[in-house]
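The chain contents come next:
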Amino acid sequence: MANLTSLDKALLNMMQSNFPLNMYPYKTMADKLGVTEEEIIARIEALKEAGIIRRIGAVLDARRLGFFSTLCAAKVSGDKINEVAEIINKYDGVTHNYRRTHEYNLWFTLTAPSQEESRIIIDELMEKTGVHIVSMPAIKTYKIKVALEMEGDGHHK
Amino acid sequence: MAIINDQDKAILRELQGDLPLEPRPFARIAARVGISEEYLMQRINAMMDEGIIRRFAAILRHQKAGYTVNAMVAWKVEPEQIDRIGMKFAACEQVSHCYLREVPADFDKNLFTMVHCRSEEELNKLVTNMSELLGLEDYAIISSEHEYKKTSMRYF
């Protein structure tokens, strides 16, 4: 699915920033976009199949739930990095893990029930992987953006 | 920190998954939790008001949605400038996340931004512009080369 139609874009914008929280969310969006509910459901199905929509659901606030999140980084030699990444990936609290272009070349996010727990997991990971891992928790948040604007919407049909 | 009862936990467990693609998806979830659809909608709204649910939405894969170039850009910012600069970044359309972080001694760039662009060229131009505009000379563009994992956190 290389080319998104204007309906797809309008739908994606609506679902990212203004998902209707009522008993008939797909019907509500269909009415707003001037198409049928079946059509909306079929488009969403296609957008999921194409991998554009990862999921539809709630994003929870880790801090409000008492959880602790941090960004971790490590300097790993090229021949070991895949293996190290695989060990790190096994942890459920690791949600993002990337190889990056920096001396610190492996970066992952870790969410744990508490800061102490995150420390324990990081220690365990260092022992299992044999690499030093640094933790860079956020001290202050200036922005967490909710949606990416799809260009060319708003004039659907 | 909020205290969450078992019923709300059961609701959140469902909502952190994928919403069913059927005309009344919340009725399905309510049935799984063992509550009425109406009460479920009430609890969702209440937990949004409390900030436990930050948002309810479609989560996209940025790359497949046309934002092909994503980079983490870390900037060295003096403590007294942090708030001013952080707010400037926050106002920038292509910046999705901006955090002040506690950093180790061998990494002196403390303000992290996540930048999304449609091309490498656009990204480099944007970062150069920001650097000049904000007077920040010390920064690192830390691009992703390989995605090992990308999922949503399941808390319960």
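So, how was this worked out
Residues numbered from 1 in each chain as written. Chains lettered and ligands numbered in written order. Predicted model: local features only at pLDDT ≥ 70, side-chain atom pairs only at ≥ 80, totals over all residues. Heavy atoms only, no water. Helix = DSSP H or I, 4+ residues; strand = E, 2+ residues; numbered from the N terminus. Rg over C-alpha atoms; globule rule 2.2 N^0.38 Å. Buried < 20%, exposed > 50% of the residue type's maximum accessible area, 1.4 Å probe, protein only. Contact = heavy atoms within 4.5 Å. Areas by Shrake-Rupley, 256 points an atom, 1.4 Å probe, with all protein chains shown as cover. Lys, Arg positive; Asp, Glu negative; His and termini not counted. Charge placed at Lys NZ, Arg CZ, Asp CG, Glu CD. Buried area = accessible area lost by both parts, 1.4 Å probe. Salt bridge = Lys/Arg side-chain N within 4 Å of Asp/Glu carboxyl O. Polar contact = N/O pair within 3.5 Å; in protein donor to acceptor, adjacent residues only side chain to side chain. Nonpolar A, V, L, I, M, F, W, Y, C, P; charged D, E, K, R; others polar. Domains from an automatic or database assignment. Expected span 1.5 Å × (residues − 1). Core = buried A, V, L, I, M, F, W, Y, C linked by side-chain atoms within 4.5 Å. Disulfide = S-S within 2.5 Å.

### What to know about the overall build of chain B
Summing up its helical and strand segments, chain B has five helices and five strands in all. Secondary structure elements of chain B occur, N-terminal to C-terminal, as α-α-α-β-β-α-β-β-α-β. Whereas a compact globule of 156 residues would reach a radius of gyration of roughly 15 Å, chain B reaches 20 Å, over 25% beyond that. Relative to its full complement of 156 residues, chain B shows a buried share of 50%. Sequence-distant contacts in chain B: of pairs separated by 6 or more residues, those separated by 24 or more amount to 62%. When the accessible surface of chain B is totalled, it reaches about 7,700 Å², and 46% of it is carbon and sulfur. Averaging the coordinates of the 20 positive side-chain charges in chain B and doing the same for the 24 negative ones gives two points 6 Å apart.

### Thoughts on the interface of chain B and chain A
By a widespread convention, an interface's size corresponds to the accessible area lost as its parts come together. Each side of the interface is counted separately: chain B has 77 residues, and chain A has 71 residues. Between chain B and chain A, roughly 7,500 Å² of surface is buried when both sides are summed, and carbon and sulfur atoms account for 59% of that area. Counting the contacts that link chain B with chain A gives four salt bridges. Between Arg-99 of chain A and Glu-145 of chain B there is a salt bridge, with the nearest N and O atoms lying 3.2 Å from each other. On the surface where chain B and chain A come into contact, there are 44 residue pairs in polar contact (both at pLDDT 80 or more). Contributing elements (two or more residues each) for the side of chain B that touches chain A: α1 (6-15), α2 (25-33), α3 (37-49), β1 (53-60), α4 (82-90), β3 (95-101), β4 (111-117) and β5 (139-150) of chain B. Top element by residues in the side of chain B that touches chain A is β5 of chain B. It accounts for 11 residues. Taken together, the residues that form the side of chain B that touches chain A break down as 45 nonpolar, 13 polar and 19 charged.

### Quick look at the pattern of salt bridges
Residue and element names in this part refer to chain B. Going through the model one piece at a time under the given rule, you end up with 16 salt bridges over all chains. Between Lys-109 and Asp-108 there is a salt bridge, with the nearest N and O atoms lying 3.1 Å from each other. The class for Lys-109 is buried, based on a relative accessible area of 14%. On the basis of relative accessible area, Asp-108 is assigned to the partly exposed category, the value being 33%. Linked through salt bridges whose partners overlap, the residues forming this network are Lys-76, Asp-108, Lys-109 and Asp-138.

### Comments concerning the domain arrangement of chain A
Domain annotation for chain A reports domain 1 (6-49) and domain 2 (68-136). Taking only C-alpha atoms, the centre of domain 1 of chain A and the centre of domain 2 of chain A are 37 Å apart.

### Side note on helix α3 (residues 37-49) of chain A
Residues and elements named next belong to chain A. An ideal rise of 1.5 Å per residue puts 18 Å on 13 residues; α3 measures up with 18 Å between its terminal C-alpha atoms. Burial in α3 covers these residues: Glu-37, Ile-40, Ile-41, Ile-44, Ala-46 and Leu-47. Packing partners of the buried residues in α3 comprise α1 (6-17), α2 (25-33) and β1 (53-60). Positive backbone phi, at 80°, marks Gly-51, one or two positions downstream of α3.

### Considering the nonpolar core
In this structure, Leu-12, Met-15, Tyr-26, Ile-44, Ile-53 and Ile-56 of chain A are the most contacted members of the largest nonpolar core, which totals 50 residues. Secondary-structure elements contributing two or more residues to this core are α1, α2, α3 and β1 of chain A together with α1, α2, α3 and β1 of chain B. A per-element tally of this core places α1 of chain A first, with six residues. Other than its neighbours up to four places away in sequence, Ile-44 of chain A contacts Leu-11, Met-15, Tyr-26, Met-29, Ile-53 and Ile-56 of chain A together with Leu-21 of chain B. Core analysis: the next-biggest nonpolar cluster, separate from the first, contains 23 residues, Ala-90, Leu-100, Val-115 and Leu-134 of chain B among them.

### Details of the environment of Tyr-98 of chain A
Note on placement: Tyr-98 of chain A falls in strand β3 (residues 94-100). Tyr-98 of chain A sits 89 residues away from Lys-9 of chain A along the chain, and the two C-alpha atoms are 28 Å apart. Sequence-distant contacts of Tyr-98 of chain A, defined by excluding residues within four places in its chain, comprise Asn-105, Leu-106 and Trp-107 of chain A together with Ser-144, His-146, Glu-147, Tyr-148, Lys-149 and Lys-150 of chain B. A distance of 3.4 Å separates polar atoms of two side chains, one belonging to Tyr-98 of chain A and the other to Glu-147 of chain B.

### A look at the state of the cysteines
All chains considered together, the criterion is met by zero disulfides over all chains. Left unpaired, Cys-72 of chain A is separated from the closest cysteine sulfur, that of Cys-98 of chain B, by 19 Å. Accessibility expressed as a relative area gives 0% for Cys-72 of chain A, which makes it buried. A disulfide-free cysteine, Cys-117 of chain B has its sulfur positioned 8.1 Å from the sulfur of Cys-92 of chain B, the nearest such atom.

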